[in-house]
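Structural features, examined
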Amino acid sequence: MKSKLIILKLGGSVITIKDKPLTPNVPAIKRLAKEIADSRISQLILVHGGGSYGHPIAAEYKIAEGFREKGQIIGFSKTHNAMVSLNMLIIEALLDEGLPSISMAPSSFIVTRHGRIRDFHRDPIEQALKLGFIPVLYGDAVFDYEMGFAILSGDQLVSRLAVEFNAGRIIIGVDVNGLYTADPKTDENAKLIPCATLSDLKSFMGGVSGSKSIDVTGGMMGKIFELILPVMNGVEVFIVNALKPGNIYKALKGEETVGTRIIKG
Ligand code: ADP
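Below is a short write-up of the structure. Predicted, not measured: the structure shown is a model, and the values here were computed from it. (Residues numbered from 1 in each chain as written. Predicted model: local features only at pLDDT ≥ 70, side-chain atom pairs only at ≥ 80, totals over all residues. Heavy atoms only, no water.)

Attention now moves to the pattern of salt bridges. Under the definition given, this model contains 11 salt bridges. We note a salt bridge from Asp155 to Lys9, for which the minimum N-O separation is 2.8 Å. Taken as a pair, Asp155 in helix H6 (residues 154–164) and Lys9 in strand E1 (residues 6–10) lie far apart in primary sequence, 146 residues in all. Across this residue pair, the class does not change: Asp155 and Lys9 are buried. One salt bridge in this structure joins Glu126 and Arg122, with 3.0 Å as the shortest N-O distance. For Glu126, a relative accessible area of 27% gives the class partly exposed. Here the salt bridges share partners, and the residues they tie into one network are Arg122, Glu126, Arg160 and Glu164. (Salt bridge = Lys/Arg side-chain N within 4 Å of Asp/Glu carboxyl O. Helix = DSSP H or I, 4+ residues; strand = E, 2+ residues; numbered from the N terminus. Buried < 20%, exposed > 50% of the residue type's maximum accessible area, 1.4 Å probe, protein only.)

Dropping the structure here:
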């Protein structure tokens, strides 16, 4: 039986202003903290992305390519530190709402191999959940057995957390209304897909039928790829626009709202 645990991902496009380096979207962060508090969900893990905090620094020092030369080391530290700064804003907003959030730095308990999670020390999260805390994690610069270091995306983290802790649901908050037939920011004919199954996901990735009727690119492509494993495990997924007030509250409560539901089928 699936647990009541919900993994909530808040994308970097939601909590930061993506084209302005190191700029948080403070009103969105505060509103989302209130929506989480109002929902009174008791078993929750929150994961957030990097947006304009993590990405520009990681790109400048080519952190995702792994260790190549000593000059990158300081870049790794700066990338991690930018994420800590953003994480602090999220934690403070949650604390202001009286929520017992606890920051957990992925780089301190996860090691990857070729960018994929290899070691994952689950005990701190497990103990925190038992006591009713809300662990708050984020996409991070992490140590990697083969590459020296790597970027662990918030989306890969969400997938692992959902499987590891047998979550009932994953909610992905982004800056568009869900999964579309094409990127809605560049294609005005893109249509929202209200519900998709596991085999649909695989075909979007070009795996089953190589279907070209759906065009998933960029960040959304990474999400779909990571979601396949939890959906296979029976976790229900809902992709929703977290910039629209009330959507995350409704999604947490399991109420109807516009978005894309993904089920095993
Ligand atoms: P975040 O940083 O919030 O995790 P990303 O920017 O990485 O989100 O990914 C979400 C983006 O993916 C959307 O804003 C959209 O522009 C893009 N995208 C590309 N293809 C699609 C698609 N088929 N449906 C929806 N969004 C898509």
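Read on for the rest.
Another point: the sheet that holds strand E3 (residues 101–103). Taking strand neighbours across the sheet as the criterion, the eight strands line up as E3-E6-E2-E1-E9-E11-E12-E10 in an open arrangement whose pairing is mixed. Looking along the sheet, the strands with just one partner apiece sit at the ends: E3 and strand E10 (195–197). Pairwise comparison of adjacent strand axes, ignoring direction, gives a mean angle of 20 degrees for this sheet. Strand direction decides the pairing type here: E1 and strand E9 (residues 169–174), joined by five bridges, are parallel. Across the sheet, Ile6 pairs through a bridge with Arg169, a residue of E9. On the sheet, helix H5 (residues 123–130) packs against strand E2 (44–48), E3 and strand E6 (134–138) and is oriented at approximately 145 degrees with respect to E6. (Pairing = 2+ DSSP bridges. Axes fitted to C-alpha atoms, helices over the stretch in contact; angles between N-to-C directions. Contact = heavy atoms within 4.5 Å.)

The phi torsion at Arg40 lies on the positive side, around 55 degrees, for a residue other than glycine. With respect to the helices and strands, the residue Arg40 is situated in the loop between helix H2 (26–39) and E2. Residue Arg40 is classed as exposed on the basis of its relative accessible area of 73%. Although it is not a glycine, His114 sits at a positive phi angle of roughly 50 degrees. By the element assignment, His114 lies in the loop between strand E4 (110–113) and strand E5 (116–120).

A word on the sheet that holds E5. An order of E5-E4-E7-E8 is seen for the four strands of this open sheet, with the pairing classed as mixed. Each having just a single partner strand, E5 and strand E8 (148–152) make up the two edges of the open sheet. On average, each strand axis in the sheet is tilted by 50 degrees relative to the strand beside it, whichever way the strands run. For E4 and E5, the ladder comprises four bridges, and the chain directions are antiparallel.

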